[in-house]
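This is what each chain is made of:
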Amino acid sequence: MQLVVARVGRAHGIKGEVTVEVRTDEPELRLGPGAVLLTDPASAGPLTIETGRVHSGRLLLRFAGVRDRNGAEALRNTLLIAEVDPEETPEDPDEYYDHQLMDLDVVTTDGAEVGRITEISHLPSQDLFVVERADGTEVLIPFVEEIVVEIDLEEQRAVIDPPPGLIDDRAEVASSRDAEDAEGGEDAEGGEDAEDGDAEDGEDTEGAGGDAPGGGPAKGAAGDGDSAGAGA
């Protein structure tokens, strides 16, 4: 199985060294001298690591056959890929390779189904599970012990204890909208009743008085009814 372990960055100096963006928790194992790595694009490799050192907090590598800055620059943005035994696991029991977590079923501690992990997003602050729900929508689950309480590889599931709003925010929004719609419907109904009553009063006034007195009050009452309905 193949895993992306780093991405080549800028050239450093004039002797063929490059900076690398490390994408593995085990750089001393994957990116040590003598390691042979496949590449993407494939035409750039395979590459054999000749030397490695840390400079100003960044890992610098030199590959066999790359002796100058031009050669180093030609490798910029190349992905470095390691061949990994599918049965291999990280040394830390609380760490997992991405491929181990992909397609795990996600359930809550009370057994409610949430969805399936389709992607692992690696952010500077934390990792996120991208979980696809049954309806095709996605929810992001921070991969922290306070939320992901268990990873069961044998049962192929991840158990989470989500805080309020993490996975049920859509339901809360829907409930809020339903309540607003119901309230709006009641106001509209009340406005119609007021309009009907005003119209009847206008008709009575018109019948009792002459054309001028009857026409004025009827028009004013109908106008007030329209305003109330528009505001609701």
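None of these values were measured; they are calculated from a predicted model.

Colleague: Describe the side chain of Arg-62, with residues and values.
Modeller: As for its placement among the helices and strands, Arg-62 is situated in strand 5 (residues 58-63). Of the side chains with opposite charge, Glu-17 lies nearest to the buried Arg-62, which makes no salt bridge, at 4.4 Å. Polar contacts involving the side chain of Arg-62 include one to the main-chain carbonyl oxygen of Lys-15, which spans 3.1 Å.

Colleague: Provide a residue-level description of the sheet that holds strand 6 (residues 79-83), including the pertinent values.
Modeller: One key point about sheets: their strands pair by backbone hydrogen bonds, in either a parallel or an antiparallel sense. The antiparallel closed barrel is built from six strands, whose spatial order is 1-2-5-4-3-6. Neighbour-to-neighbour, the strand axes of the sheet open up by a mean angle of 50 degrees, direction not taken into account. With five bridges connecting them, strand 1 (residues 2-12) and strand 6 associate as antiparallel partners. Counterpart to Ala-6 in the pairing with strand 6 is Leu-80.

Colleague: So, the pattern of salt bridges: which residues are in play, and what are the values?
Modeller: Tallied over the full model, the rule gives seven salt bridges. For Glu-17, the salt bridge is made with Arg-53, and the minimal N-O distance between the two is 2.9 Å. Taken together, the positions of Glu-17 in strand 2 (residues 17-22) and Arg-53 in strand 4 (residues 47-55) put the pair 36 residues apart, joining distant regions of the chain. Judged by its relative accessible area of 8%, Glu-17 falls in the buried class.

Colleague: Run through the layout of surface pockets, naming residues and quoting values.
Modeller: Roughly 870 Å³ of volume is contained in the largest pocket. Forming the boundary of the largest pocket are 29 residues, of which Asp-25, Tyr-96, Asp-98, His-122 and Asp-127 lie nearest the centre. For the lining of the largest pocket, the secondary structure elements donating two or more residues are strand 1, helix 3 (98-101), strand 8 (113-122) and strand 11 (148-152). The biggest single contributor to the lining of the largest pocket is strand 11, with four residues. Taken together, the residues that form the lining of the largest pocket break down as 16 nonpolar, three polar and 10 charged.

Colleague: If you had to explain the confidence of the model for the protein to someone new, which residues and values would you point to?
Modeller: Low-pLDDT stretches of the model should not have their predicted coordinates read in fine detail. Taken as a whole, the protein shows an average pLDDT of 77; of its residues, 72% reach a score of 70 or greater. Taken as a whole, residues 170-179 scores under 50 in pLDDT and shows four contacts with residues more than four places along the chain or in a different chain. Scored below 50 in pLDDT, residues 194-232 shows 10 contacts in the model against residues more than four places distant or in partner chains.

Colleague: Provide a residue-level description of the side chain of Thr-78, including the pertinent values.
Modeller: Examined against the element boundaries, Thr-78 turns out to sit in the loop between helix 2 (69-73) and strand 6. Here the side chain of Thr-78 touches Leu-75 through a polar contact of 2.8 Å, landing on its backbone oxygen.

Colleague: Which residues make up the pairing of strand 6, and what values do they have?
Modeller: Two faces make up the sheet, and in a regular strand the side chains alternate between them. Across the five residues of strand 6, four count as buried, placing the element largely inside the fold. Both strand 3 (residues 36-40) and strand 6 contribute to a ladder of three bridges, which runs antiparallel. Residue pairing for strand 6: Asp-40 is matched across the bridge by Leu-79.

Colleague: Break down a negative patch on the surface for me, with residues and values.
Modeller: Taken together, the side chains of Asp-25, Glu-28, Glu-91, Asp-92, Asp-94, Glu-95, Glu-145 and Glu-146 make up a negatively charged region of the molecular surface. Assignment of secondary structure puts Glu-145 in the loop between strand 10 (138-142) and strand 11.

Colleague: Residue-level account of the pairing of strand 3, with values.
Modeller: The two faces of strand 3 differ: Leu-37 and Thr-39 on one face are buried, but Val-36, Leu-38 and Asp-40 on the other face are not. With two bridges connecting them, strand 3 and strand 4 associate as antiparallel partners. In the sheet register, Leu-37 faces strand 4, and the bridge partner there is Leu-47. From the end of strand 3 to the start of strand 4, which pair antiparallel, there are six residues.

Conventions we followed
- Residues numbered from 1 in each chain as written.
- Predicted model: local features only at pLDDT ≥ 70, side-chain atom pairs only at ≥ 80, totals over all residues.
- Heavy atoms only, no water.
- Helix = DSSP H or I, 4+ residues; strand = E, 2+ residues; numbered from the N terminus.
- Buried < 20%, exposed > 50% of the residue type's maximum accessible area, 1.4 Å probe, protein only.
- Lys, Arg positive; Asp, Glu negative; His and termini not counted.
- Salt bridge = Lys/Arg side-chain N within 4 Å of Asp/Glu carboxyl O.
- Polar contact = N/O pair within 3.5 Å; in protein donor to acceptor, adjacent residues only side chain to side chain.
- Pairing = 2+ DSSP bridges.
- Axes fitted to C-alpha atoms, helices over the stretch in contact; angles between N-to-C directions.
- 1 Å grid on protein atoms, 1.4 Å probe; cavity = no way out; pocket = protein on both sides within 12 Å on 5 of 7 lines; lining within 4 Å.
- Points joined across faces, edges and corners; volume = space filled by probe spheres on them.
- Nonpolar A, V, L, I, M, F, W, Y, C, P; charged D, E, K, R; others polar.
- pLDDT = per-residue confidence, 0-100.
- Contact = heavy atoms within 4.5 Å.
- Patch = residues over 30% accessible without salt bridge, like charges linked within 9 Å, V, L, I, M, F, W, Y side chains within 5 Å.
- Areas by Shrake-Rupley, 256 points an atom, 1.4 Å probe, with all protein chains shown as cover.
- Charge placed at Lys NZ, Arg CZ, Asp CG, Glu CD.

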